[in-house]
Amino acid sequence: MPGTRETRHRRGRGRGTRWAAVVLLAGATGTAALVAARPWQGEDGATGGQDPEPPATAEVTRETLDDTREVEGELGHGPTSTVANRLPGTITWLPESGAEIGRGETLFRVDDRPVPLLHGSVPAHRDLAEGVDDGPDVEQLERNLAELGYPGFTVDEEFTDRTAAAVRDWQEDLGLPGTGAVELGRVVFAPGDVRVDGLLAEIGRPAVDGTEVFTRTGTSKLVTMRLEVSDRLLAEPGTQVSVGLPGGGAAAGEIGEVFTVIVPDGEG
């Protein structure tokens, strides 16, 4: 209409684009991620702006959540077991307490003849000689002979004439009669090298089958500690730990074994 001015109201832009942000936290792995969502839309589908900017992104980071405990422990060489004699005679030599004994070395002497240490998990329980039934104790003996430098046979469960020849050479080097057969009690098998923890026998005393000679441990230094059951998950085998030493300083270590001890009420 003449004289009439048509007034048009222009819708201005909003104050800014609003973004929905979602933060994801994974407590177990320590992972945090920031995810940007689309702009909020109105009921008519408008985004609130003509030229929306592209969604913003954030870098995903991964971190390790550390949990530590400081626990007092007892420094030693682990649990003890007993070395026993199986031969008749008289004990004529004993090692010193604290001595470490390796494969092929003498544990003690009966009638001035050595009883050496061999490695293995099968206890000696019979004479080993040509013609005996096949068995893992034969293979165990042959493996030790090979490790000590007495070859010439196949390491298996069969005691052959070649095994007997290697045994004979080994016996002569030890100052024993070269019979080619290993009598029960002439050797002691243990899982590895041993440390003499405490003497139980005395030099000059009669030795009979079953005489306890000394207690032994392994040669590795171990720390034994008590944890609350609630901290059990912190002590998985293979976990790396730091051990504070009595004289100061620290040493790196690794958890080797975890076991549960049931303590009766009233015993702490």
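Preceding block: the structure.
How each quantity is defined
Starting afresh in each chain, residues are numbered from 1 along the sequence in its written order. Where local features are concerned, this predicted model is filtered to residues with pLDDT of at least 70; where side-chain atom pairs are given and counted, the filter is 80 or more; whole-chain, interface and lining totals use all residues. Side-chain calculation: all heavy atoms of the structure are included, whereas hydrogens and water are not. Secondary structure follows DSSP: runs of H or I at least 4 residues long count as helices, runs of E at least 2 residues long count as strands, and numbering of each begins at the N terminus. For each residue, the accessible area found with a 1.4 Å probe, counting protein chains only, is set against the maximum for its type, and the residue is called buried under 20%, exposed over 50%, and partly exposed in between. Note on contacts: a residue pair is in contact if any heavy atoms of the two residues lie within 4.5 Å. The method behind every accessible area is Shrake-Rupley, applied with a 1.4 Å probe, and residues are considered shielded solely by the protein chains displayed. Only strands that DSSP links by at least two bridges are regarded as paired with each other. Using protein atoms alone on a 1 Å grid, points that fit a 1.4 Å probe yet trap it form a cavity, whereas open point sets bounded by protein on both sides within 12 Å along at least five of seven lines form a pocket; residues with an atom within 4 Å of a point count as lining. Grid points are joined across faces, edges and corners, and a volume is the space filled by probe spheres set on the points. Put simply, Ala, Val, Leu, Ile, Met, Phe, Trp, Tyr, Cys and Pro go in the nonpolar bin, Asp, Glu, Lys and Arg in the charged bin, and everything else, Gly too, in the polar bin. Residues form patches when they are more than 30% accessible in relative terms and have no salt bridge. Like charges link within 9 Å. Nonpolar side chains (Val, Leu, Ile, Met, Phe, Trp, Tyr) link within 5 Å. Salt bridges are counted wherever a side-chain nitrogen of Lys or Arg sits within 4 Å of a carboxyl oxygen of Asp or Glu. Lines are fitted to the C-alpha atoms to define the axes, a helix being fitted only along its stretch in contact, and any angle between axes, read from their N-to-C directions, falls within 0 to 180 degrees. In what follows, roughly perpendicular refers to angles from 65 to 115 degrees, roughly parallel to angles under 35, roughly antiparallel to angles over 145, and oblique to any angle outside these ranges. Two helices crossing with the near one rotated counterclockwise from the far one by less than a right angle form a left-handed crossing, whereas a clockwise rotation gives a right-handed crossing. Charged-residue counts in this description rest on Lys and Arg as positive and Asp and Glu as negative, His and the chain ends being excluded. In this description, the location of a charge corresponds to atom NZ of lysine, CZ of arginine, CG of aspartate or CD of glutamate. Between N or O atoms, a polar contact is any pair within 3.5 Å; within protein, one atom must be a potential hydrogen donor and the other a potential acceptor, and residues adjacent in sequence are included only when both atoms are from side chains.

Novice: What is the right way to look at the overall build of the protein in this model?
Specialist: Tallying secondary structure elements over the protein gives two helices and 16 strands in all. Taking all 268 residues of the protein together, 25% fall into the buried category. Partitioning the contacts of the protein with sequence separation of at least 6, the portion at a separation of at least 24 is 53%. In the structure as shown, the protein presents an accessible area of about 18,900 Å², 48% of it carried by carbon and sulfur atoms.

Novice: I'm lost on the sheet that holds strand β7 (residues 100-101) in this one. Help?
Specialist: Whenever strands of a sheet pair, they do so through backbone hydrogen bonds, lying parallel or antiparallel. Here we have four strands laid out as an open sheet, ordered β5-β13-β11-β7, and antiparallel in their pairing. Pairing within the sheet leaves two strands with one partner each, and these edge strands are β5 (81-84) and β7. Here strand β11 (residues 194-199) runs beside strand β13 (residues 212-217); their pairing, made up of four bridges, is antiparallel. Directly across from Val196, in β13, lies its bridge partner Arg216.

Novice: Teacher, can you tell me more about the layout of surface pockets here?
Specialist: By volume, the largest pocket is sized at about 2,000 Å³. For the largest pocket, the lining is made up of 47 residues, of which Val223, Thr224, Met225, Arg226 and Leu227 are closest to its centre. Every element with two or more residues in the lining of the largest pocket is listed here: β4 (73-76), β14 (222-225), β15 (240-244) and β16 (250-254). Of the residues that constitute the lining of the largest pocket, the class distribution is 22 nonpolar, 14 polar and 11 charged.

Novice: What am I meant to see in the environment of Glu147 here?
Specialist: Inspection of the secondary structure assignment puts Glu147 in helix α1 (residues 136-147). The class for Glu147 is exposed, based on a relative accessible area of 54%. In this structure the C-alpha to C-alpha distance between Glu147 and His119, which are 28 residues apart in sequence, comes to 9.9 Å.

Novice: Just checking my understanding: could you explain a nonpolar patch on the surface for this structure?
Specialist: On the surface, Val71, Leu75, Val223, Met225 and Leu227 cluster together into a nonpolar patch covering about 370 Å² of accessible area. Mapped onto the elements of the fold, Leu227 is located in the loop between β14 and β15. For Leu227, a relative accessible area of 33% gives the class partly exposed.

Novice: Looking at this model, I keep getting lost on the sheet that holds strand β12 (residues 206-207). Mind explaining?
Specialist: Ordered in space as β10-β9-β8-β6-β12, the five strands form an open sheet in which the pairing is mixed. Sheet topology places β10 (188-190) and β12 at the edges, where each strand pairs with a single neighbour. Across four bridges, strand β8 (residues 106-110) lies against strand β9 (residues 113-119) in antiparallel orientation. From the neighbouring strand, Phe108 faces β9, where its bridge partner is Val115. In the packing of α1 onto the sheet, contacts are made with β9 and β10, and the angle to β9 comes to roughly 100 degrees.

Novice: Which parts of the structure should I look at to understand the packing of α1 against helix α2 (residues 161-174)?
Specialist: When two helices pack together, their arrangement is captured by the angle between the axes and the distance separating the axes. Closest axis-to-axis distance for the α1/α2 pair is 11 Å, and the angle between their directions is 55 degrees. Of the possible angle classes, the one that applies to α1 and α2 is oblique. In the crossing of α1 with α2, the sense of the turn from one axis to the other is left-handed. Facing α1, whose interface residues are Leu141, Glu142 and Leu145, α2 presents Thr163, Ala166, Val167 and Trp170.

Novice: For this particular structure, what's the right way to read a negative patch on the surface?
Specialist: Taken together, the side chains of Asp133, Asp134, Glu157 and Glu158 present a region of like negative charge at the surface. Mapped onto the secondary structure, Asp134 falls in the loop between β9 and α1. Exposure remark for Asp134: the relative accessible area of 52% places this residue in the exposed category.

Novice: Sorry if this is basic, but what is going on with the side chain of Asp137 here?
Specialist: Here Asp137 is to be found in helix α1. A polar contact of 2.7 Å, which involves the side chain of Asp137, links it to the side chain of Arg126.

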